[in-house]
Amino acid sequence: MDLSIVVNGMTFPNPFLLGSGPPGTNARVIAKSFEAGWGGAVAKTISLESAKVVNVVPRYGKLRSKISGEVIGFENIELISDRPIDVWLDEFRQVKKEYPKHILIASIMEEYEKSRWQELTRMVQDTGVDAFELNFSCPHGMTERRMGSEMGEHPDLCEEVTSWVTEVSNIPVWAKMTPNITNIKEPSLAAVRGGAVGISAINTILSVIGVDLDTLRPMPTVEGHTVPGGYSSQAVRPIALRMVSQLALGLPQDVSISGIGGIENSHDALEFMLLGSSTVQLCTGVMLHGVKMIDELNEGLEKFMVDKGFNSVQEFVGKSLGYFSTHMDLVQKMKAAKRAKAGEASRDNEWGQKDITEKTAELTSN
Ligand SMILES: Cc1cc2nc3c(=O)[nH]c(=O)nc-3n(C[C@H](O)[C@H](O)[C@H](O)COP(=O)(O)O)c2cc1C
């Protein structure tokens, strides 16, 4: 069955992408995922000066189910890529040469300076990548340099920075948004005004994974101290689904959505697609379960399409959005349904199903 989908002019062999992070941290792991069958990858976020990026160890923390021990939440205080831009440029070229049919998206981030963003855009674009994803959403570390979610929290900056990129790029530009904001539509619409043709959502939710009751130290603990980090994995999925549905209902129709957050199998992915995502991205799930997850994702998608009679992926993107309403409308619908039911119950066929005295009482008002 054909699982491909065309998004912003790009043909994805299937809608499943590695999300920016460890699963796309160098050419070797990206190639491995393409071999395994992923439709595309968003590489780990890069900037002009990797020397400014210094990671700490440990930088991850897990939240486990108290019953099964399964990981349901995951915090990271990882920064963007610490690998030099020249190495990345070579690797983008190499991956595109070896896998021309897979979609390779470069995630970029820079300080608030037009020349820096435009220099990075030009350099990366020359390698032949298929699209850009602008990281307006990393919630920790980079924010101290006024990058990442420091931009994504301010619609005016999203619009301005996106317009710097679209001024010099000739490939599709997606903006990746932070959930650490009251209304995700506002900065997303601003990015669209700046020329973005797609929105990726969500990045991680600002969090503290826990406190060690022996040492009294919040985690993950680095030399006795910590900083709040980004929360991902299964626990964030309902929040991501809500935000994706808000975007799908609030953005212009031609803006694509790449849904992200807690996806671990085809069921999760289909939920995002039914709420308007034409592609989905997986990060923590791949870190925990490996690139082979793509087999179940493809099989589950295919089975769903056969069972429901859909001939293309595009056909069901956003199919569940029509079922959102207002609370007032739900109340009215409920009252109408009750009235209809009461009407049915008053039909003569109903007599005999209950004791005749009970039925008489049911139809009597006093
Ligand atoms: C360890 C780690 C590193 C990440 N690094 C990046 C990054 O460099 N750029 C980016 O845009 N998002 C990054 N993310 C965020 C993910 O791409 C994704 O938006 C988020 O984790 C939610 O999806 P998930 O539950 O599938 O992981 C990172 C996430 C994790 C867990």
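Scope of this entry: the structure provided in the associated data block. These figures come from a predicted structure and were not determined experimentally.

### Observations regarding the overall build of the protein
Alright, step 1. When helices and strands are counted, the protein shows twelve helices and 16 strands.
Alright, step 2. With the principal axes as the frame, the protein shows a C-alpha extent of 85 × 55 × 40 Å.
Alright, step 3. Relative to its 366 residues, the protein shows a buried fraction of 52%.
Alright, step 4. Taking all contacts inside the protein whose residues are at least 6 apart in sequence as the whole, residues at least 24 apart take part in 71%.

### Describing the pairing of strand β16 (residues 279-282)
Alright, step 1. Here β16 shows a buried face lined by T279 and Q281 and a second buried face lined by V280 and L282.
Alright, step 2. Bridge analysis of strand β3 (residues 16-18) against β16 gives three bridges, and the strand direction is parallel. Following the sheet pairing, L18 is matched in β16 by L282.
Alright, step 3. As defined by bridge partners, strand β15 (residues 256-260) adjoins β16 across three bridges and the pair is classed as parallel. By the bridge assignment for β16, G259 is matched with V280.

### Examining helix α6 (residues 185-193)
Alright, step 1. P187, S188, A190, A191 and V192 are the residues of α6 that are buried.
Alright, step 2. The elements touched by buried residues of α6 are α4 (149-152), α5 (155-168), β9 (173-176), β10 (198-201) and α7 (237-250).
Alright, step 3. One or two residues past the end of α6 sits G195, with phi positive at roughly 115°.

### Thoughts on the pattern of salt bridges
When the charged atoms of two side chains with opposite charge come close together, those side chains can pair.
Alright, step 1. Taken as a whole and assessed by the stated rule, the structure comprises 18 salt bridges.
Alright, step 2. Residue K292 pairs with D295 through a salt bridge whose shortest N-O separation is 3.9 Å.
Alright, step 3. One salt bridge in this structure joins D307 and K303, with 2.7 Å as the shortest N-O distance. With D307 and K303 both in helix α10 (residues 293-308) and four residues apart, this pair spans about one turn of that helix.
Alright, step 4. Under the relative-accessibility criterion, K303 is labelled exposed at 54%.
Alright, step 5. Here the salt bridges do not stand alone but share partners, grouping E49, K52, E110, E111 and R116 into one network.

### Side note on the pairing of strand β14 (residues 229-232)
Alright, step 1. For strand β6 (residues 71-76) and β14, the ladder comprises three bridges, and the chain directions are antiparallel. Considered in β14, the bridge of N76 is made with G230.
Alright, step 2. With three bridges joining them, strand β11 (residues 205-207) and β14 adopt antiparallel strand pairing. Directly across from I205, in β14, lies its bridge partner Y231.

### Observations regarding the packing of aromatic side chains
Given two aromatic rings, one states the distance between the centres and the angle between the planes to describe the pair.
Alright, step 1. For the coordinates displayed, the defined rule picks out nine aromatic pairs.
Alright, step 2. Centroid distance F34 to Y99: 5.6 Å. Interplanar angle 65°. Geometry classified as edge-to-face. Note that F34 is positioned in helix α1 (residues 27-36) and Y99 in the loop between α2 (85-98) and β7 (103-108), a separation of 65 residues in sequence.
Alright, step 3. A network of ring pairs unites the aromatic residues F304, F310 and F316 as a single cluster.
Alright, step 4. The side chain of R83 reaches across the aromatic face of W88, ending 5.1 Å from its centre.

### Re the sheet that holds β11
Alright, step 1. Sheet architecture is open: four strands sit in the order β5-β6-β14-β11, paired in antiparallel fashion. The open sheet terminates on both sides in strands that have one partner only, identified here as β5 (60-64) and β11. Strand-to-strand twist in this sheet, taken as the mean axis angle between neighbours without regard to direction, amounts to 35°.

### Quick look at the environment of G285
Alright, step 1. Assignment of secondary structure puts G285 in helix α9 (residues 284-289).
Alright, step 2. The sequence separation of G285 and S233 amounts to 52 residues, and the corresponding C-alpha distance is 6.6 Å.
Alright, step 3. In this structure G285 touches I263, E264, G290 and M293, once residues within four positions along its chain are discounted.

### Examining the site of the ligand
Alright, step 1. In the neighbourhood of the ligand, 22 residues make up the surrounding shell, with S20, T45, K176, G262 and T284 lying closest.
Alright, step 2. Between the ligand and N135 there is a distance of 3.2 Å, counted from an oxygen atom to a side-chain nitrogen or oxygen.
Alright, step 3. One of the side-chain nitrogen or oxygen atoms of K176 is found 2.8 Å away from an oxygen atom of the ligand.
Alright, step 4. If the ligand stood free it would expose 610 Å²; the protein chains cover 98% of that surface.
Alright, step 5. Of the residues contributing to the shell around the ligand, the split by class is seven nonpolar, twelve polar and three charged.

### Observations concerning the environment of Y60
Alright, step 1. Position of Y60 relative to the elements: it lies in strand β5.
Alright, step 2. Given the relative accessible area of 33%, Y60 is considered partly exposed.
Alright, step 3. Placed 18 residues apart in sequence, Y60 and E78 show a C-alpha to C-alpha distance of 7.7 Å.
Alright, step 4. Not counting residues within four places of it along the chain, the set of residues in contact with Y60 comprises P22, F74, E75, N76, E78, P220 and M287.
Alright, step 5. Side chain to side chain, Y60 and E78 meet in a polar contact 2.5 Å long.

Parameters and conventions
Residues numbered from 1 in each chain as written. Predicted model: local features only at pLDDT ≥ 70, side-chain atom pairs only at ≥ 80, totals over all residues. Heavy atoms only, no water. Helix = DSSP H or I, 4+ residues; strand = E, 2+ residues; numbered from the N terminus. Buried < 20%, exposed > 50% of the residue type's maximum accessible area, 1.4 Å probe, protein only. Contact = heavy atoms within 4.5 Å. Pairing = 2+ DSSP bridges. Salt bridge = Lys/Arg side-chain N within 4 Å of Asp/Glu carboxyl O. Phe/Tyr/Trp six-rings, centres within 6.5 Å; stacked < 30°, edge-to-face > 60°. Lys NZ or Arg CZ within 6 Å of the ring centre and 35° of its normal. Axes fitted to C-alpha atoms, helices over the stretch in contact; angles between N-to-C directions. Near = heavy atom within 4 Å. Polar contact = N/O pair within 3.5 Å; in protein donor to acceptor, adjacent residues only side chain to side chain. Areas by Shrake-Rupley, 256 points an atom, 1.4 Å probe, with all protein chains shown as cover. Nonpolar A, V, L, I, M, F, W, Y, C, P; charged D, E, K, R; others polar.

It is worth stressing that arrangement in space is one thing and function is another; only the former is reported here.
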